[in-house]
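Below, each chain spelled out in residue letters.
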Amino acid sequence: GQLKNREDKKLLNTDKEATLLVPADPIFEKVARECVDAGVGVDMFLFPHAYIDVASVGKIATVTGGVIQRYPMFRADVDGERLIQDLAMHIAEPCVFDAVLRMRTNAGVRPVEFCGNFMMQNATDMEIAVLKPTSCVTIEIKHDDKLSEDFQSYVQVALLYTSMSGVRKLRLHNLALPVSSNLADLYKSCDMDTVVNSLTKEFGKALISNHSYKNLKEQLLQRVSNSLACYRQNCAAPSQPGQLILPETLKLLPLYSHCLLRSPALMPSVEVSFDEKSNLLQRLSMMSVEETELFLYPRLYNLNTSTLGNEGMPPVIRSSYDRIRESGAHLLDNGLVLILWVGANTPSKWLQEVLGVTVLDQVD
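Cut-offs used in this document
Residues numbered from 1 in each chain as written. Predicted model: local features only at pLDDT ≥ 70, side-chain atom pairs only at ≥ 80, totals over all residues. Heavy atoms only, no water. 1 Å grid on protein atoms, 1.4 Å probe; cavity = no way out; pocket = protein on both sides within 12 Å on 5 of 7 lines; lining within 4 Å. Points joined across faces, edges and corners; volume = space filled by probe spheres on them. Helix = DSSP H or I, 4+ residues; strand = E, 2+ residues; numbered from the N terminus. Nonpolar A, V, L, I, M, F, W, Y, C, P; charged D, E, K, R; others polar. Buried < 20%, exposed > 50% of the residue type's maximum accessible area, 1.4 Å probe, protein only. Contact = heavy atoms within 4.5 Å. Polar contact = N/O pair within 3.5 Å; in protein donor to acceptor, adjacent residues only side chain to side chain. Phe/Tyr/Trp six-rings, centres within 6.5 Å; stacked < 30°, edge-to-face > 60°. Salt bridge = Lys/Arg side-chain N within 4 Å of Asp/Glu carboxyl O. Pairing = 2+ DSSP bridges. Axes fitted to C-alpha atoms, helices over the stretch in contact; angles between N-to-C directions.

A. Looking closely at the layout of surface pockets. Quantified by volume, the second largest pocket comes out at close to 1900 Å³. Forming the walls of the second largest pocket are 49 residues, and the residues nearest its centre are Leu280, Phe295, Asn334, Leu336 and Val337. Of all elements in the fold, only β2 (68-70), α3 (76-92), α7 (253-261), α8 (274-284), α9 (289-296), β11 (329-333) and β12 (338-342) reach the threshold of two or more residues within the lining of the second largest pocket. In terms of residue count, α9 provides more of the lining of the second largest pocket than any other element does, 5 residues in total. Considering only residue class, the lining of the second largest pocket consists of 26 nonpolar, 12 polar and 11 charged.

B. Summary view of the environment of Ser285. Looking at the element boundaries, Ser285 is found in the loop between α8 and α9. Since its relative accessible area comes to 14%, Ser285 is described here as buried. Linking Ser285 and Lys201, residues 84 residues apart in sequence, is a C-alpha distance of 5.5 Å. If sequence neighbours within four positions are ignored, Ser285 has contacts with Cys115, Gly116, Asn117, Cys136 and Lys201. Here the side chain of Ser285 touches Gln282 through a polar contact of 2.7 Å, landing on its backbone oxygen.

C. Focus on empty space enclosed by the protein. Per the counting criterion, the structure on display carries 4 cavities of 30 Å³ or more. The calculated volume of the largest cavity comes to roughly 60 Å³. Around the largest cavity, the lining residues are Gly65, Asn117, Ile128, Leu131, Ser135, Cys136, Val137 and Met286. Its residues assigned to classes, the lining of the largest cavity comprises 5 nonpolar, 3 polar and no charged. As for the second largest cavity, its lining consists of Phe203, Tyr213, Leu216, Lys217, Leu220, Leu260, Leu261 and Leu266. For the lining of the second largest cavity, the secondary structure elements donating two or more residues are α6 (213-234) and α7. The element best represented in the lining of the second largest cavity is α6, accounting for 4 residues. Looking at the lining of the second largest cavity, its residues break down into 7 nonpolar, no polar and 1 charged.

D. Quick look at the packing of aromatic side chains. Taken as a whole and assessed by the stated rule, the structure comprises 6 aromatic pairs. A ring pair is formed by Phe45 and Tyr71, whose centres lie 6.5 Å apart and whose planes are at 10 degrees; its orientation type is stacked. Of the two residues, Phe45 sits in strand β1 (residues 44-46) while Tyr71 sits in the loop between β2 and α3, which places them 26 residues apart along the sequence. For Phe45, a relative accessible area of 22% translates into the label partly exposed. An angle of 90 degrees between the planes, with centres 6.2 Å apart, marks the rings of Tyr71 and Phe74 as edge-to-face. According to the relative accessible area criterion, Tyr71 is buried, its value standing at 1%. An aromatic cluster is defined as three or more aromatic residues linked by ring pairs; in this entry it consists of Phe45, Phe47, Tyr71 and Phe74.

E. Seen up close, the pattern of salt bridges. Summed over the entire model, instances satisfying the criterion amount to 13 salt bridges. With its nearest N and O atoms 2.6 Å apart, the salt bridge here joins Asp43 to Lys132. Taken as a pair, Asp43 in the loop between α1 (27-37) and β1 and Lys132 in the loop between β5 (125-131) and β6 (138-143) lie far apart in primary sequence, 89 residues in all. Within this structure, Glu29, Arg33 and Lys59 form a network of salt bridges that share partners.

F. Region of the structure containing the sheet that holds strand β8 (residues 168-177). Pairing is antiparallel in the open sheet, where 4 strands are placed in the order β5-β3-β7-β8. The sheet terminates laterally at β5 and β8, the two strands that pair on one side only. When strand polarity is set aside, the average angle formed by the axes of neighbouring strands in this sheet is 20 degrees. Summarising the sheet, strand β3 (residues 96-105) and strand β7 (residues 153-162) pair through 7 bridges and their orientation is antiparallel. In the strand pairing of β7, Thr105 is matched with Val155.

So, in structure tokens, the structure goes:
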């Protein structure tokens, strides 16, 4: 289990990149499985000043249902308050233990792919040492047999767990879905946010499983193109060859696909360390639909106005570089970090009132 410096930027965007995104030693997987068997979840608080191999040590948190919090170049006077708040949040967060989750379906459909922070020792049961309100798993259901349109298709999710008071409980969720052979009905029923969440976790998992970014990019573009081309061919009214035709429910799918391809969790970049990439992939695997949407397409707040929105927040503008002005400040929120962007020509009055300085060069 000895950790070694494996980081090698030369492996970026090569077939060997995935080797740095998985544990270097099977001992970490073994420890994680022992923790799950004992009902122990592990949250990690890391304070790196250099490479520490998050892909190896973080495996214990990933398998047990925990999270990883990184504080690179930690300084108590700058990051201390954030650390205290994070610790308080994790300690106070309600949770259950020894959870086992299984999905059942009727004949004709079956669960085939599972994404999230858990352990599987067979083909059906997801074992989670500690389950929290923020935990999220994604299951892909495959349609592999004929279904009658006269009947609904059924899905049941059963969750067996131990409460904080030590009581073993069972919770069931049942869902009945209509069956249709009409492609137009299918596209009308699509939930784009869920599709994006599923694609994000699928391709993050594939990157770790020894797939190069180049191949993943081609696969994603091909799948999105095929989906939209199928709608144009079978559902849309006749139109000019060069006219863009998109289903109403998936009109933003090309945008989110582009955001996914440019995500630091997937896209090779010398500016993103392998530790940071491993941490992002771990966080992506457990994100909810709303969290994934915000991570891929962050909120950009305009701080150049005194007018507040309905929730007492500055107005949100489109997340585009064209909307940023050198004469003002903007706040970017992707759900994980907040980035304050201050333009070179920001008024000195704003700098004094907000940052306590008169010129931008005085900002620490």
